[in-house]
Amino acid sequence: MSVRIAPSILSADFAALGNAIAAVERGGADLIHVDVMDGHFVPNITIGPPVVASLKRVARVPLDVHLMITDPDKYIGAFAEAGASMISVHVEVLPHLHRTVWAIKQLGVKAGVVLNPATPVVAIKEIAPDVDFVLVMSVNPGFGGQTFIPRSESKVAEVRALLDAAGSDAPIEIDGGIDQTTVGRVVRAGARILVAGSAIFHTPDPERATATLRAAAETALASPASR
Ligand code: DX5
Ligand code: ZN
């Protein structure tokens, strides 16, 4: 399985999102990671379906929509309609996670489940065979530019083992504090979709930062320790 780079536009200039997307696509971005926050599940507020629909008009790569909201069931239809190719939902807010995952899949969208740093891997044991990907948060969600939580590395390996045991080859995405210094560790632990916001957009050259991150990820993937 190869690695995919998913720049998070949370750290881009919101007045120039089209330019931001074009730059990272030139740098080799595989996905555009879109962080949706509602001011309830997380303290921050970002964007909704109309903005995703506008991004869809300019993006050439698929949109990966990360819902950090308390009531995702209410909005998955709108985000699918807006053009999301992947939608991930937090297990912490969903008592009927199986229903939600299948509702996403039935919309023709890849369904992901997200684990906060304090949420144990066992929370996704029963849903593991159904999901298209698992997103491991390596910071507490809500803001870009936070420091990678080191324990996330072993958590990725634990999720990989759980998915393997379930007979699933669903990829693991990791989100938070991913940069040149952390990317190798998480790839070697089993992460294959790498979200990066500040490491790409808080640089003078997001195109080049995307390419540099990909090169570091591919080097780690080629190392013998990689799963
Ligand atoms: C945080 C978001 C992330 C954020 C990552 O809640 O889910 O996607 O953009 O930003 P960095 O890469 O700066 O940690
Ligand atoms: Zn995110």
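Residues numbered from 1 in each chain as written. Chains lettered and ligands numbered in written order. Predicted model: local features only at pLDDT ≥ 70, side-chain atom pairs only at ≥ 80, totals over all residues. Heavy atoms only, no water.

1. With respect to the overall build of the protein chain
Scanning the protein chain from N- to C-terminus turns up 8 helices and 8 strands. Against the compact-globule benchmark of 17 Å for 227 residues, the protein chain has a radius of gyration of 16 Å, which places it among compact chains. Along the first, second and third principal axes, the C-alpha atoms of the protein chain reach 45 × 45 × 30 Å. In the protein chain, which comprises 227 residues, the proportion classed as buried is 56%. Of the accessible surface of the protein chain, which amounts to about 9600 Å², a share of 53% is contributed by carbon and sulfur atoms. (Helix = DSSP H or I, 4+ residues; strand = E, 2+ residues; numbered from the N terminus. Rg over C-alpha atoms; globule rule 2.2 N^0.38 Å. Buried < 20%, exposed > 50% of the residue type's maximum accessible area, 1.4 Å probe, protein only. Areas by Shrake-Rupley, 256 points an atom, 1.4 Å probe, with all protein chains shown as cover.)

2. Notes on the coordination of the zinc ion (ligand 2)
Bound to the zinc ion (ligand 2) are the protein donor atoms His-33 (NE2), Asp-35 (OD), His-66 (ND1) and Asp-175 (OD), situated 2.0 to 2.3 Å from the metal. Coordination at the zinc ion (ligand 2) comes from 6 donor atoms whose angles at the metal span 70 to 168°, giving a geometry best classed as octahedral. Positions of the donor residues of the zinc ion (ligand 2) along the chain correspond to the pattern H-x1-D-x30-H-x108-D. Note that His-66 is positioned in strand E3 (residues 63-68) and Asp-175 in strand E7 (residues 172-175), a separation of 109 residues in sequence. Here His-66 and Asp-175 have matching classes, each one buried. (Donors = N, O, S within 2.8 Å, 3.2 Å for Na, K, Ca; no water. Tetrahedral: all angles 85-135°; square planar, octahedral: opposite > 155°, others 65-115°.)

3. Description of the sheet that holds strand E5 (residues 110-115)
Here 8 strands make up an open sheet; going across it, the order is E1-E8-E7-E6-E5-E4-E3-E2 and the pairing parallel. Looking at the sheet topology across the chains shown, the edges are occupied by strand E1 (4-7) and strand E2 (32-37). Taken pair by pair, the neighbouring strands of this sheet meet at an average axis angle of 25°, ignoring direction. Lying over the sheet, helix H2 (residues 49-58) contacts E2 and E3, oriented at roughly 165° with respect to E3. (Pairing = 2+ DSSP bridges. Axes fitted to C-alpha atoms, helices over the stretch in contact; angles between N-to-C directions. Contact = heavy atoms within 4.5 Å.)

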